[in-house]
Amino acid sequence: MFEHIPVYPGDPILSLFQDFQRDPEARKVNLSIGLYYDEAGKVPVLPSVRVAASRLAAQETAHTYLPMEGSAGYCQALQQLIFGADSAALRERRIATLQTVGGSGAIRLAAELLKRYFPDSAIWVSDPSWDNHRVLFSAAGLEVHTYPYYDPLTNGIRFDEMIATLSGLAAGSIVLLQPCCHNPTGIDPSREQWLAITELCAKRGLIPFLDMAYQGFGDELADDAWPIRAMTDAGLSLFVSNSFSKNFSLYGERCGGLSVVCPNQNEAARVFGQAQANVRRMYSSPPLYGSQLISTVLNDAALARQWQADVAVMRERIKRMRAALKTRLDALVPGTSFDYLVTQRGMFSYTGLSPNEVGALRERRSVYLLRSGRACMAGLNDANIDCVADSIGEVLKARINRYQPVRRFSDA
Ligand code: LMR
């Protein structure tokens, strides 16, 4: 009966993580999926979340249904965190926000709305982008294209080419942008560049879609959300998906949000209602527990301060690991620049390692990176960093040797 169903080749991130979990090697290192590990190599329960969990346990609240849009306290706190407590758009009640099943759920929910109400629009994502962006948007029936983004030669953004491509798009085209800690490259536009993108979107009537999964991992929370606030303040209508998986270390609780900034309160109410209807069509309502943890933390001033400190600890540890890996690789492979490790921001570094080199790291040392060469810096710690540096150094030296011209006796 099911013979006609094709074999699933697996997901480039989630299936690799399963391979890692099955690997019996004791010294294996996971730099593949975006998981933050602490110095002891554990995915932490944040101190702020621990307090919230014990408060909830003491309250023994019933495990009832949330409404289709999720918890009101969660959505309100989420809005303030992303748009700022003093946001004019929030005051004007023109942002429709729903709690979603993680950041992926937010993107898929938005994609369904976009396909239904902007059926002729295509979406443009950066080249490269998070693998699942393409999957989520095309599953909803949207055509997915790319705009130029990463330049391996300069380790920067091909900004002029990006702007040239976006300038040629039809009005109503959707442009996926990442406000901070770009996945997979770790390279973000400068504020000046963001302003140019904002102006372009306004002039050409493009629909910005900002996907933020790492707020607080690049800089302070408000700084990382700055591009969203700048676009909102410029009067654009836009989509924002966000995930709390990383900055609350609540991966499996699937806590995210979709916010749609609208021109006025009336349109926001319509968008909100149709988003509710979409949720009902797909999964009825989001899960309860993670949203209770997050709203307990964010709606208590002292706990919210504790959480900000928790995020700062994660951010600073990642930065320290980036610098430590650079120091080691500078010594091991002189003549090669590893500056990218400290200029890229957030969890990920784009190492430029080829799929074969990534394969060699896995086979020889059980060090797991994505096939694209993306490495999660938050998987490094003082105990595994020498092994990682040695193994990367080894493949890079092999690459350099391969490209050395062969010396003949007659050259001597
Ligand atoms: C990642 O990029 O590794 C994370 O966002 C996890 C995921 O779902 O892919």
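Right above here is the structure, for reference.
Note that the coordinates shown come from a computational prediction; the quantities given were computed from them, not determined experimentally.

The rules behind the values
- Residues numbered from 1 in each chain as written.
- Predicted model: local features only at pLDDT ≥ 70, side-chain atom pairs only at ≥ 80, totals over all residues.
- Heavy atoms only, no water.
- Helix = DSSP H or I, 4+ residues; strand = E, 2+ residues; numbered from the N terminus.
- Buried < 20%, exposed > 50% of the residue type's maximum accessible area, 1.4 Å probe, protein only.
- Contact = heavy atoms within 4.5 Å.
- Areas by Shrake-Rupley, 256 points an atom, 1.4 Å probe, with all protein chains shown as cover.
- Near = heavy atom within 4 Å.
- Polar contact = N/O pair within 3.5 Å; in protein donor to acceptor, adjacent residues only side chain to side chain.
- Nonpolar A, V, L, I, M, F, W, Y, C, P; charged D, E, K, R; others polar.
- Phe/Tyr/Trp six-rings, centres within 6.5 Å; stacked < 30°, edge-to-face > 60°.
- Arc of directions from axis to C-beta.
- Pairing = 2+ DSSP bridges.
- Right-handed = clockwise from strand over helix to strand, strands pointing away.
- Patch = residues over 30% accessible without salt bridge, like charges linked within 9 Å, V, L, I, M, F, W, Y side chains within 5 Å.
- Salt bridge = Lys/Arg side-chain N within 4 Å of Asp/Glu carboxyl O.
- Axes fitted to C-alpha atoms, helices over the stretch in contact; angles between N-to-C directions.
- Left-handed = near helix turned anticlockwise from the far one by under 90°.

Remarks on the overall build of the protein
Counting its secondary structure elements, the protein contains 16 helices and 13 strands. Each of the three principal axes of the protein carries a C-alpha extent, and together these read 80 × 55 × 55 Å. Expressed as a percentage of the 412 residues in the protein, the buried residues total 54%. In the protein, 75% of the contacts between residues at least 6 apart in sequence involve partners at least 24 apart. Per element, the accessible surface of the protein, about 19,200 Å² overall, is 53% carbon and sulfur.

A few points about the site of the ligand
Every residue near the ligand is listed here: I13, I33, G34, W130, N183, Y214, K246 and R374. Separating an oxygen atom of the ligand from a side-chain N or O atom of W130 is a distance of 3.0 Å. Within the contact set of the ligand, an oxygen atom lies 3.0 Å away from a side-chain nitrogen or oxygen of K246. By residue class, the composition of the shell around the ligand is four nonpolar, two polar and two charged.

Section: the packing of aromatic side chains
In total, this model carries eleven aromatic pairs according to the counting rule given. Arranged with centres 5.1 Å apart and planes meeting at 85 degrees, the rings of Y150 and Y350 form a pair that is edge-to-face. Within this pair, whereas Y150 is found in strand 5 (residues 150-151), its partner Y350 is found in strand 11 (residues 348-350), the two being separated by 200 residues in sequence. The burial state of Y150 is the same as that of Y350; both residues are buried. With a centroid separation of 5.4 Å and 85 degrees between ring planes, the pair formed by F244 and F248 is classed as edge-to-face. For the pair formed by F244 and F248, the shared burial category is buried.

Here's the deal with helix 6 (residues 131-139)
Considered for burial, the residues of helix 6 that qualify are N132, H133, L136 and F137. In a view along the axis of helix 6, the buried residues occupy a sector of 125 degrees, so they form one face of it.

As for the pairing of strand 4 (residues 144-148)
Of the strand pairs in this sheet, strand 3 (residues 123-127) and strand 4 are connected by five bridges, and their pairing is parallel. Of the residues in strand 4, the one forming a bridge with S126 is Y147. The parallel pair strand 3 and strand 4, bridged by helix 6, forms a crossover whose chirality is right-handed.

Quick notes on a nonpolar patch on the surface
A contiguous nonpolar patch, built from M1, F2 and I5 and spanning about 420 Å² of accessible area, is present on the exposed surface. In this structure, F2 sits in the segment before helix 1 (14-22).

Looking at the packing of helix 5 (residues 102-117) against helix 6
Here helix 5 crosses helix 6 at 35 degrees, and the two axes come no closer than 8 Å. In the packing of helix 5 onto helix 6, the handedness of the crossing is right-handed. Of the residues in helix 6, those touching helix 5 at S104, I107, R108 and A111 are N132, H133, L136, F137 and A139. Here the residues of the contact of helix 5 with helix 6 sort into five nonpolar, three polar and one charged.

Describing unusual backbone geometry
In this structure, P128 follows D127 across a cis peptide bond, with omega equal to 0 degrees. Relative to the assigned elements, P128 resides in the loop between strand 3 and helix 6. A cis amide bond links N183 with the next residue in sequence, P184, at an omega value of 20 degrees. Looking at where P184 falls in the secondary structure, it is placed in the loop between strand 7 (174-177) and helix 8 (191-204). One non-glycine residue, S249, lies in positive phi territory at about 50 degrees. In this structure, R254 takes a positive phi of about 55 degrees despite not being glycine. Along the chain, R254 turns up in the loop between strand 9 (238-243) and strand 10 (255-261). A relative accessible area of 30% places R254 in the partly exposed class.

Focus on the sheet that holds strand 2 (residues 95-101)
One open sheet accounts for seven strands, arranged 2-10-9-8-7-3-4; its pairing is mixed. Looking at the sheet topology across the chains shown, the edges are occupied by strand 2 and strand 4. Between one strand and the next, the sheet's axes are offset by a mean angle of 25 degrees, whatever the strand orientation. Two elements, strand 9 and strand 10, share six bridges in a ladder whose sense is antiparallel.

Digging into the pairing of strand 3
Counting buried residues in strand 3 gives four out of five residues, a clear majority hidden from the surface. Sheet topology places strand 3 next to strand 7; two bridges connect them, and they run parallel. In the strand pairing of strand 7, W124 is matched with V175.

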